[in-house]
Amino acid sequence: MEKKALIEKIKAHVHVLCSEIGERRVGSEENRKATAYTKRVLEESGWKTESTELSVMDWSTDGATLTCGEQSFEVFSSEYSLGCSVQGECIAIRTVEQLEQTNIQDKIVLLIGEIASQQIAPKKFPFWNPTEHQHLIAVLEQGKPKALICATERNAETAGGVYPFPLFEDGDFDIPSVYMKDTEGEKLLPYVGKTVKLVSKARRIPSTAFNVTGKRNTQTKNRIVVTAHIDTKIGTPGAIDNGTGVAIVLAIADLLKSNSSTYPIELMIFNGEDYYAAPGQIRYVAQNAGHFDDILLNINIDGAGYKEGLSCFSPFELPKNIFDLLQEVLLENPNLVEGLPWYQGDHSLFLQNGCPAIAVSSEWFIKNMANQEITHTPKDNIRIVNFEQVAECALGIASLIKKLPRS
Ligand SMILES: [Zn+2]
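What counts, and at which threshold
- Residues numbered from 1 in each chain as written.
- Predicted model: local features only at pLDDT ≥ 70, side-chain atom pairs only at ≥ 80, totals over all residues.
- Heavy atoms only, no water.
- Donors = N, O, S within 2.8 Å, 3.2 Å for Na, K, Ca; no water.
- Tetrahedral: all angles 85-135°; square planar, octahedral: opposite > 155°, others 65-115°.
- Helix = DSSP H or I, 4+ residues; strand = E, 2+ residues; numbered from the N terminus.
- Buried < 20%, exposed > 50% of the residue type's maximum accessible area, 1.4 Å probe, protein only.
- Domains from an automatic or database assignment.
- Contact = heavy atoms within 4.5 Å.
- Buried area = accessible area lost by both parts, 1.4 Å probe.
- Salt bridge = Lys/Arg side-chain N within 4 Å of Asp/Glu carboxyl O.
- Polar contact = N/O pair within 3.5 Å; in protein donor to acceptor, adjacent residues only side chain to side chain.
- Nonpolar A, V, L, I, M, F, W, Y, C, P; charged D, E, K, R; others polar.
- Phe/Tyr/Trp six-rings, centres within 6.5 Å; stacked < 30°, edge-to-face > 60°.
- Lys NZ or Arg CZ within 6 Å of the ring centre and 35° of its normal.

Enquirer: Help me out: how do you make sense of the coordination of the zinc ion in this one?
Expert: Angles between donor atoms at a metal ideally measure 109.5 degrees for a four-coordinate tetrahedral arrangement and either 90 or 180 degrees for a six-coordinate octahedral one. Looking at the zinc ion, one finds its protein donor set to be His229 (NE2), Asp241 (OD), Asp302 (OD) and Asp302 (OD), positioned 2.0 to 2.5 Å from the metal centre. If you look at the zinc ion, its four donor atoms make angles of 53 to 142 degrees with each other, and the shape they trace is irregular. Donor residues for the zinc ion, ordered by position in the chain, follow H-x11-D-x60-D. Here His229, found in strand 9 (residues 223–229), pairs with Asp241, found in helix 7 (residues 239–255); they are 12 residues apart in sequence, far enough to count as distant. No difference in accessibility class separates His229 from Asp241, as the two residues are buried.

Enquirer: What's the story with the domain arrangement of the protein in this structure? I'm lost.
Expert: Under the domain assignment used here, the protein contains domain 1 (3–47 + 216–403) and domain 2 (59–205). Each of domain 1 and domain 2 has a C-alpha centre, and these two points are 34 Å apart. Each partner contributes to the interface: domain 1 provides 22 residues, whereas domain 2 provides 18 residues. For the pair domain 1 and domain 2, the summed buried surface comes to about 1,600 Å²; carbon and sulfur atoms form 60% of the total. Inspection of the domain 1/domain 2 interface yields two salt bridges. Lys233 is the partner of Glu169 in a salt bridge, and the nearest nitrogen-oxygen pair spans 3.1 Å. Connecting domain 1 to domain 2 are two residue pairs in polar contact (both at pLDDT 80 or more). Of all elements in the fold, only helix 8 (279–287) and helix 10 (347–352) reach the threshold of two or more residues within the side of domain 1 that touches domain 2. With three residues, helix 8 is the single largest residue contributor to the side of domain 1 that touches domain 2. For the side of domain 1 that touches domain 2, the class distribution of residues is 11 nonpolar, seven polar and four charged.

Enquirer: What is the right way to read the packing of aromatic side chains from this model?
Expert: Tallied over the entire structure, the rule returns 16 aromatic pairs. Ring geometry for Tyr306 against Phe365: centres 4.9 Å apart, planes inclined by 70 degrees, an arrangement best described as edge-to-face. Highlighted residues: Tyr306 in the loop between strand 11 (295–301) and strand 12 (311–316) and Phe365 in helix 11 (residues 363–367), separated in sequence by 59 residues. Considered together, Tyr306 and Phe365 belong to a single accessibility category, that of buried residues. Taken together through their ring pairs, the aromatic side chains of Trp59, Tyr80, Tyr275 and Tyr276 make up a single cluster. Across the ring face of Trp47, the terminal group of Arg216 is positioned such that the distance to the ring centre comes to 5.1 Å.

Enquirer: Teacher, can you tell me more about the side chain of His133 here?
Expert: Tracing the backbone through its elements, the reader meets His133 in helix 4 (residues 131–143). The class of His133 is buried, set by a relative accessible area of 4%. Polar contacts involving the side chain of His133 include one to the side chain of Gln118, which spans 2.8 Å. With sequence-adjacent residues up to four places away left out, His133 is seen in contact with Gln118, Gln119, Ile120, Ala121 and Trp128.

Next up, the structure:
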């Protein structure tokens, strides 16, 4: 296929996913439209597909309000939180030590400062879960407050470019919560000790989502698993994160459709990377329990094709022959460079199960992870995509796969 034609196909995929469909939060109709689209495209390229149904929680809100007498404060329902309509004494907590020593029962608790500086890992999130976070959740649950108000600053490292960010984004955590800017939290401080009224019109909605798998044959031994997550956070069309990744998987399906000389290939469209419970990833780990030895290599694409900078392939635990072939691919293509290691993606689940992996992304994002203001926001849209870079990633991956000799 000519490169120009490839770029046009990729553009069409990203357009469908990120402009026509847009936000693809897990459990939404749009998310199911997106997975149905990938299934159709894979089949049109001659791949056998399988959909795995996942039971998930969708969520929506009609807004939130916080008042103290005549005074009102700007708050937002924490994503995936239960709703509430409560009144109670407002107290402020700044540290875990202070929380441990304070009776918060039936209070409305403002978490501000140090305690609210980093997004808390969801209760049941399997791939990243610091013990301090689990401890904080346990202390809050034992304390039985009526609700939480979380005043947060900017923290791109754990919350992407979102400000303020929801301290809790967790459908398994049942204390109702809202969040606000740190500056708004400062305005609330003079009202500590007074009675405040908090209403959050949020609700959880049982729903479904799907993982989609594409295969050429039934062989599983020594397979290469190419992965990209299709879901987005709430409130973003998810172009770089990760419409481009899905488009690359679909392009690879096309580029390799008549290729029979390499290892078996499994194309995986995952659902849940940007969701509190990672349902698609957990299901995949369960489906492959005891059989991760069968996987020769994972290639995970997330964050590829940003308009600035080059594309990067980050190697993890590669055997020498694959590492050498990767270097060959990078030498052949000046748009692709070796990337630094990073772990906030689906390649981590393969690494944790002992599989070598390559993560494909944009160098700019890896270097600016901690201070960029794009991911998980409306700014992550089709206008920040460099489609030529996206095509180069697809060509680089296809070229690497073709170079791998059959054992
Ligand atoms: Zn992502």
